[in-house]
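Letter by letter, the chains look like this.
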Amino acid sequence: MKIVSVVGARPQFVKLAPIHKAARAAGVEHVIVHTGQHYDPMLSDVFFEDLGIDAPDVHLGVGSGSHGVQTGAMLAALDAVLDEHRPDWVLVYGDTNSTVAAALSAVKMHIPVAHLEAGLRSFNRRMPEEHNRVLTDHAADLLLAPTQVAADHLAHEGLVERTELVGDVMTDVLFEVRDQVSTQPPALLGELGLEERGFYVATIHRAENTDDGGRLAEVVGSLAGLDKPVVLLAHPRVVAKAAAHGVELTQGSLIAHSPLAYPELIAAALCSAGVVTDSGGLQKEAFLLGVPCTTVRTETEWVETVQLGWNVLANTAAEIAAGVTRPRPTPTDAAPYGDGHAAARVIEVLSRHAR
Ligand code: UD1
């Protein structure tokens, strides 16, 4: 069997790592195509290096742009690549512009396409990620759902026959990395003079929190007013938007810091007092690490984290402050994100369904 994985943005490299490992273990030919959506070394190269992923076989070098320009450039470049490789499966990941571009290219060339992390929904039609998820799920031939909730969404949309519940591959990689980093304190503590459990880890990068200057100032101001130092691991998007809107990212409790490599991020989250984020992945990582999370959004795709009490949605400054200072949630044995062996299941399901 031959699989072409198309990835382009940071969270996709994390999901690629366990798939790459499982493909290798099963003797499956695995070709990696990087669209170039993320190109800063800290958003791209370090993930390949730290997580033991081979360098991409093909790099499209698409870079940044408006949604249409970026997605269109990927689409135009992918046709020739997929035609050359003619794999048994094109595997697309998550909900970025790279995901929808690859799904569309593959389906139009009649190459089977599987969507990893299928069925997630925010039901917020203003989010680019929601467009990407819905379009990808309805284009794909095989839908690899991470959770029962995601599988149920697909069933409601008439896609039950294409759905396989495989678990969440992010659990696979997270557990492995957690075990590697849990023995020593993260470098971040010494670098910033922080104490274990004496700080929060924050990431803010979504369009709805960064594009509008007033909204960005509100979110930044609320983090700056928290009761402990807040390390903002600043994605280039928030740095660019803050500069454009004249918002200071280091102020009050808030300390802007460059993004961290994956093992360092996990180590930092693990010894923090809590996580404040608008990232999808980090909400779930916090849950799996047993760290309370406050999510700066009006809804989440990872509803299990909220239902189990480890995540709260917060939008105003008062809600964010109440979220981070709430009492520690009750520990839970629930494992909605699988057992850490999802990637092997993905390879098995792809083999079973290969034509
Ligand atoms: C993308 C995904 C988002 C995901 C996030 C993870 C889409 C629609 N969004 O958002 O779902 O959570 O990745 O990080 O695909 N930039 C750089 N260097 C880079 C990449 C981006 O400076 O390597 C800057 C550019 O100013 C660019 C902006 O960030 O215009 C936005 O980048 P883009 O890839 O369009 O979306 P993200 O915000 O990264």
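Below, the structure is looked at part by part. The written sequence of each chain sets the order in which its residues are numbered from 1. Residue-level local features of this predicted model are given only where pLDDT is at least 70; pairs of side-chain atoms are given and counted only at 80 or more, and the full residue set underlies all totals for whole chains, interfaces and linings. Calculation of side-chain values draws on the structure's entire complement of heavy atoms; hydrogens and water are dropped beforehand.

### Some words on the sheet that holds strand β12 (residues 293-295)
- Strands sit in the order β10-β9-β8-β11-β12-β13 across an open sheet of 6 strands; the sheet is parallel. Only two strands of the sheet have a single neighbouring strand rather than two, namely β10 (254-257) and β13 (311-313). Here the average twist between neighbouring strands, direction ignored, is 20 degrees.
- Two strands pair if DSSP finds at least two bridges between them. A run of H or I in DSSP becomes a helix once it reaches four residues, and a run of E becomes a strand once it reaches two; helices and strands are each numbered from the N terminus. Here 3 bridges tie strand β11 (residues 274-277) to β12, and the two strands are oriented parallel to one another. In the sheet register, V276 faces β12, and the bridge partner there is T294.
- By definition, residues are in contact when any of their heavy atoms lie within 4.5 Å. To obtain each axis, a line is fitted to C-alpha atoms, and for helices this fit is confined to the stretch in contact; angles are then taken between N-to-C directions over 0 to 180 degrees. Along the sheet, helix α13 (residues 280-289) contacts β8 (200-203), β11, β12 and β13; its crossing angle with β11, the most-contacted strand, is approximately 165 degrees.
- Here helix α15 (residues 317-324) sits on the sheet in contact with β8, β11, β12 and β13, set at roughly 165 degrees to β12.

### Comments concerning the site of the ligand
- Residues are counted as near a molecule or strand when any one of their heavy atoms sits within 4 Å of it. Taken together, 21 residues lie near the ligand, and Q37, H38, Y39, D40 and E129 sit nearest.
- In the model, an oxygen atom of the ligand is placed 3.1 Å from a nitrogen or oxygen of the H205 side chain.
- R237 places a polar side-chain atom, nitrogen or oxygen, 3.0 Å from an oxygen atom of the ligand.
- When isolated, the ligand has an accessible area of 750 Å², and the protein chains bury 86% of it.
- Points on a 1 Å grid over protein atoms alone make up a cavity when a 1.4 Å probe fits among them but cannot get out, and a pocket when they form an open set with protein on both sides within 12 Å along at least five of seven lines; lining residues each have an atom within 4 Å of a point. For a cavity or pocket, the test is whether more than half of a molecule's atoms lie within 2 Å of its grid points; if they do, the molecule sits there. With respect to the detected pockets, the ligand is housed in the largest pocket.
- Residue assignment for the shell around the ligand shows that the elements contributing at least two residues are α1 (10-25), α3 (67-85), α5 (128-139) and α11 (236-245).
- When residues of the shell around the ligand are assigned to their parent elements, the largest contribution, 3 residues, is made by α5.
- Each residue gets one of three labels, nonpolar for Ala, Val, Leu, Ile, Met, Phe, Trp, Tyr, Cys and Pro, charged for Asp, Glu, Lys and Arg, and polar for the others, Gly among them. Considered class by class, the residues forming the shell around the ligand number 6 nonpolar, 10 polar and 5 charged.
- Here the limits of each domain have been adopted from an automatic or database domain assignment. When we break the shell around the ligand down by domain, the ones giving at least three residues each are domain 1 (2-168 + 338-353) and domain 2 (179-324). What qualifies as a polar contact is a pair of N or O atoms within 3.5 Å, subject to a donor-acceptor requirement within protein and to the restriction that residues adjacent in sequence count only when both atoms come from side chains. A 1.4 Å probe and the Shrake-Rupley method give the accessible areas. Residues count as covered only by the protein chains that appear here.

### Here's the deal with the sheet that holds strand β1 (residues 2-7)
- Taken in spatial order, the 7 strands line up as β3-β2-β1-β4-β5-β6-β7 in an open sheet, and their pairing is parallel. Both edges of this open sheet fall to β3 (58-59) and β7 (163-165), since each of them pairs with a single strand only.
- Looking at chain direction, strand β6 (residues 142-145) and β7 are connected through 3 bridges and run parallel. Each residue of the ladder has a partner; that of L143, found in β7, is T163.
- Against the sheet, α3 touches β1, β2 (29-34), β3 and β4 (89-93), its axis set at about 165 degrees to β1.
- Along the sheet, α5 makes contact with β4, β5 (113-116) and β6, crossing β5 at roughly 140 degrees.

### Some thoughts on the nonpolar core
- Of all hydrophobic cores here, the largest spans 90 residues; its most connected members are I19, V33, L91, L144, Y262 and L350.
- Here this core gets 7 residues from one element, more than from any other, and that element is α1.
- When residues of this core are sorted by domain, at least three fall in each of domain 1 (2-168 + 338-353) and domain 2 (179-324).
- When sequence neighbours within four positions are dropped, the list of residues in contact with I19 reads H30, L91, Y93, L116, V169, A343, V346 and I347. In plain words, nonpolar cores are sets of buried Ala, Val, Leu, Ile, Met, Phe, Trp, Tyr and Cys residues tied together by side-chain atoms within 4.5 Å. Each residue's exposure class comes from its accessible area (1.4 Å probe, protein chains only) as a fraction of the maximum for that residue type: buried when under 20%, exposed when over 50%, partly exposed otherwise.

### Let's talk about unusual backbone geometry
- Of note, the phi angle at R86 is positive, near 35 degrees, even though the residue is not glycine.
- As for its position among the elements, R86 is in the loop between α3 and β4.
- A positive phi is found at F123, a non-glycine position, where the angle reads about 60 degrees.
- By secondary structure assignment, the location of F123 is in the loop between β5 and α5.

### Notes on the layout of surface pockets
- Grid points are joined across faces, edges and corners, and a volume is the space filled by probe spheres set on the points. Its volume calculated, the largest pocket comes out at about 1200 Å³.
- Around the largest pocket, the lining comprises 48 residues; the ones closest to its centre are A9, P11, H38, H205 and H235.
- Broken down by secondary-structure element, the contributors of at least two residues to the lining of the largest pocket are α1, α3, α5, α9 (207-210), α11, α12 (262-270) and α13.
- With 5 residues, the single largest contributor to the lining of the largest pocket is α13.
- Tallied by class, residues from the lining of the largest pocket come to 18 nonpolar, 16 polar and 14 charged.
- Among the domains, domain 1 (2-168 + 338-353) and domain 2 (179-324) are the pair contributing at least three residues each to the lining of the largest pocket.
- A17, P18, K21, L51 and E176 are the residues nearest the centre of the second largest pocket, which is lined by 15 residues in total.
- Listing elements by their share of the lining of the second largest pocket, those giving two or more residues are α1 and α7 (169-181).
- Among the elements that line the lining of the second largest pocket, the one with the most residues is α1, at 6 residues.
- Split by residue class, the lining of the second largest pocket holds 7 nonpolar, 3 polar and 5 charged.

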